[in-house]
Amino acid sequence: MSDFVVSARKYRPQTFDTVVGQSSITNTLKSAIKNDHLAQAFLFCGSRGVGKTTTARILAKTLNCFNRTENIEACDQCDSCQSFNTGNSLNVYELDAASNNSVEDIRNLIDQVRIAPQLGDYKVYIIDEVHMLSNSAFNAFLKTLEEPPKHAIFILATTEKHKIIPTILSRCQIFDFNRIKVKDIADHLAGIATKEGINADPEALHLIAQKADGALRDALSIFDQIVTFTGNELTYKSVIENLNILDYDYYFRIVESAQKEDIPSSLLLLNDIVEKGFDLHHFIVGLSEHYRNLLVCKDMRTASLLEVGESVEQRYIDQAKGIDSPVILRSLAIISKGDVEFKASKNQRLLVELVLMQLCSLQQEQEKKND
Ligand SMILES: Nc1ncnc2c1ncn2[C@@H]1O[C@H](COP(=O)(O)OP(=O)(O)O)[C@@H](O)[C@H]1O
Ligand SMILES: [Mg+2]
Ligand SMILES: [Zn+2]
């Protein structure tokens with residue numbers, strides 16, 4: 001068997017401070033531990049792969065550590081920490097409610113809860129996807145949640161907060177986990193690449209981070225997938241090929257031809273894109289994102305909304321300088337109309353060509369208005 005461990009597991013954070021992008025939550029938890037003011041029930045909400053389970057485990061480990069650091073982190077050395085590290089701790093109990101959602105499953109858990117821990121002070125019960133519990137299981141659980149024994153801490157996690165009944169909500173301290181920012185994901189990946197001896201192009205990591213759409217776990221899976229393919233050189237080119245992303249260079253060139261009112265060149269660019277087998281609808285969506293990026297560059301106050309890698313940033317700023325905001329707005333409207341009509345269109349390529357032709361005619365349109 002190969003000893004390859006997927007990055008999402010290999011790099012699961014072990015301390016509060018190494019959890020990416022959730023510092024308000026981890027700081028609150030730390031200060032609650034410090035002041036001995038910890039709630040007994042928590043609800044961790046947020047989309048998949050943003051650190052809910054990870055944080056729950058860190059909380060369990062830190063609470064039980066015999067030798068917490070001054071900075072309220074687990075020491076990673078004591079008997080309790082060691083048993084957590086090897087996955088043998090009896091003080092953490094995880095129930096995946098997605099597959100164990102019957103009354104029986106909950107009864108088993110409740111029976112457990114009564115027994116005080118042998119080693120350490122707290123038993124931590126993590127119930128994942130808690131919204132999947134059946135109604136009767138929920139009811140059986142409520143009483144325990146109402147009057148838990150002193151040594152019990154419950155951490156309920158869910159991706160669907162709206163499905164949690166009010167009686168549960170009102171008994172828990174609620175933490176909403178953020179989706180992770182593109183830059184934070186890219187930085188995290190860069191750290192891992194260094195540790196793995198992978199030479200990663202920042203632009204490549206940025207693309208992966210964008211594709212992950214806020215979920216760090218997804219970013220790590222994509223990263224693994226591409227590394228398997230490319231070995232130790234992770235280039236921008238290898239990422240766009242693997243993820244079937246259109247090189248942003250095309251968008252810059254499309255806008256250039258629009259500025260020059262060069263219909264033939266924009267149609268030829270589109271032909272190129274089609275021949276690459278790239279999906280036309282993705283192209284439309286990508287083009288509107290490109291114009292959106294140009295728009296946010298027009299004003300210093302919104303420039304921070306530009307979520308792209310550093311090396312392309314300047315390119316956006318330069319291109320934005322050459323186009324007036326009203327033209328960008330009109331362009332966005334034209335593309336958006338094309339996007340709406342796309343699915344119903346009988347000739348999608350022609351529709352996209354029309355969009356490009358209209359973009360190439362905007363300058364004239366604007367000048368006519370100004371006359
Ligand atoms: N905020 C984060 N900081 C660092 N790594 C994270 C974070 N969120 C997710 N991960 C990575 O993704 C994996 C799965 O995260 P997990 O905590 O199980 O997500 P969730 O429970 O929110 O679905 C972790 O092992 C870790 O490698
Ligand atoms: Mg989880
Ligand atoms: Zn310890």
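This one's a predicted model, so the numbers in the text were calculated from it and none came from an experiment. (Residues numbered from 1 in each chain as written. Chains lettered and ligands numbered in written order. Predicted model: local features only at pLDDT ≥ 70, side-chain atom pairs only at ≥ 80, totals over all residues. Heavy atoms only, no water.)

Next up on the list: the layout of surface pockets. Taken as a whole, the largest pocket encloses approximately 800 Å³ of empty space. Of all the secondary-structure elements, those providing two or more residues to the lining of the largest pocket are helix H9 (202–212), helix H11 (236–243), helix H12 (248–259), helix H14 (280–297) and helix H15 (310–321). For the lining of the largest pocket, the leading source of residues is H14, giving seven residues. In terms of residue class, the lining of the largest pocket is made up of 14 nonpolar, eight polar and six charged. Counting residues domain by domain, the lining of the largest pocket receives three or more from each of domain 2 (182–243) and domain 3 (248–370). In this structure, the second largest pocket spans a volume of roughly 520 Å³. Going through the elements one at a time, helix H8 (182–195), H9 and H15 are the ones with two or more residues in the lining of the second largest pocket. (1 Å grid on protein atoms, 1.4 Å probe; cavity = no way out; pocket = protein on both sides within 12 Å on 5 of 7 lines; lining within 4 Å. Points joined across faces, edges and corners; volume = space filled by probe spheres on them. Helix = DSSP H or I, 4+ residues; strand = E, 2+ residues; numbered from the N terminus. Nonpolar A, V, L, I, M, F, W, Y, C, P; charged D, E, K, R; others polar. Domains from an automatic or database assignment.)

Take empty space enclosed by the protein next. Leftover empty space is mapped by rolling, across the atoms, a probe with the size of a water molecule. By the definition in use, this model includes one cavity of 30 Å³ or more. By volume, the largest cavity is sized at about 60 Å³. Val-255, Ala-258, Gln-259, Tyr-291, Ile-323, Val-327, Ser-331, Leu-359, Leu-362 and Gln-363 are the residues that line the largest cavity. Only H12, helix H16 (325–342) and helix H18 (362–370) provide two or more residues apiece to the lining of the largest cavity. If you tally residues by element for the lining of the largest cavity, the top one is H12, at three residues. Looking at side-chain class alone, the lining of the largest cavity contains seven nonpolar, three polar and no charged residues.

Attention shifts here to the site of ligand 1. Taken together, the neighbourhood of ligand 1 is formed by 18 residues, with Ala-8, Gly-49, Thr-53, Thr-54 and Arg-217 sitting nearest. Ala-8 places a main-chain nitrogen or oxygen 2.5 Å from an oxygen atom of ligand 1. A total of 560 Å² of accessible area belongs to ligand 1 in isolation, and the protein chains cover 97% of it. Among the elements of the structure, helix H3 (52–64) and helix H10 (216–230) are those that each provide at least two residues to the shell around ligand 1. (Near = heavy atom within 4 Å. Polar contact = N/O pair within 3.5 Å; in protein donor to acceptor, adjacent residues only side chain to side chain. Areas by Shrake-Rupley, 256 points an atom, 1.4 Å probe, with all protein chains shown as cover.)

Octahedral metals with six donors have ideal donor angles of 90 or 180 degrees. Tetrahedral metals with four donors have an ideal donor angle of 109.5 degrees. Here the zinc ion (ligand 3) is held by the protein donor atoms Cys-65 (SG), Cys-75 (SG), Cys-78 (SG) and Cys-81 (SG), which lie 2.3 to 2.4 Å from it. Here the zinc ion (ligand 3) is ringed by four donor atoms whose angles at the metal span 102 to 119 degrees, and the overall shape comes out tetrahedral. One chain supplies every donor to the zinc ion (ligand 3), and in sequence these donors are spaced C-x9-C-x2-C-x2-C. On the criterion of sequence distance, the pair formed by Cys-65 in the loop between H3 and helix H4 (79–85) and Cys-81 in helix H4 is long-range, its members being 16 residues apart. Under the relative-accessibility criterion, Cys-65 is labelled buried at 8%. By relative accessible area, which is 0% here, Cys-81 ends up buried. (Donors = N, O, S within 2.8 Å, 3.2 Å for Na, K, Ca; no water. Tetrahedral: all angles 85-135°; square planar, octahedral: opposite > 155°, others 65-115°. Buried < 20%, exposed > 50% of the residue type's maximum accessible area, 1.4 Å probe, protein only.)

Time to look at the packing of aromatic side chains. Applying the stated criterion across every chain, the model contains eleven aromatic pairs. With 5.0 Å between their ring centres and 50 degrees between their planes, Phe-44 and Phe-177 make a pair best called tilted. With Phe-44 in strand E1 (residues 41–45) and Phe-177 in the loop between strand E5 (173–176) and H8, the pair connects residues that are 133 residues apart, well separated along the chain. Like Phe-44, the residue Phe-177 is buried in the burial classification. Their ring planes at 50 degrees and their centres at 5.7 Å tell us that Tyr-93 and Tyr-125 sit as a pair that is tilted. Within this pair, whereas Tyr-93 is found in strand E2 (residues 92–96), its partner Tyr-125 is found in strand E3 (residues 123–128), the two being separated by 32 residues in sequence. Taking relative accessible area as the criterion, Tyr-93 reaches 23% and is therefore assigned partly exposed. Judged by relative accessible area, which is 1%, Tyr-125 ranks as buried. (Phe/Tyr/Trp six-rings, centres within 6.5 Å; stacked < 30°, edge-to-face > 60°.)

As a further point, take the packing of H10 against H11. Direction vectors running N to C along H10 and H11 enclose 110 degrees, while the axes themselves pass 10 Å from each other. In terms of orientation, H10 and H11 fall into the roughly perpendicular class. Contact residues: H10 offers Ile-222, Gln-225, Ile-226, Phe-229 and Thr-230, while H11 offers Ser-238, Val-239, Asn-242 and Leu-243. Within the contact of H10 with H11, the residues separate by chemical class into five nonpolar, four polar and no charged. (Axes fitted to C-alpha atoms, helices over the stretch in contact; angles between N-to-C directions. Parallel < 35°, antiparallel > 145°, perpendicular 65-115°, else oblique. Contact = heavy atoms within 4.5 Å.)

Another aspect to go through is unusual backbone geometry. Located in the positive-phi region is Asp-76, a residue other than glycine, with phi close to 70 degrees. Relative to the helices and strands, Asp-76 resides in the loop between H3 and H4. For Asp-76, a relative accessible area of 35% corresponds to the partly exposed category. In this model, Asp-213 sits at a positive phi of 55 degrees, which is unusual for a non-glycine residue. Relative to the helices and strands, Asp-213 is located in the loop between H9 and H10.

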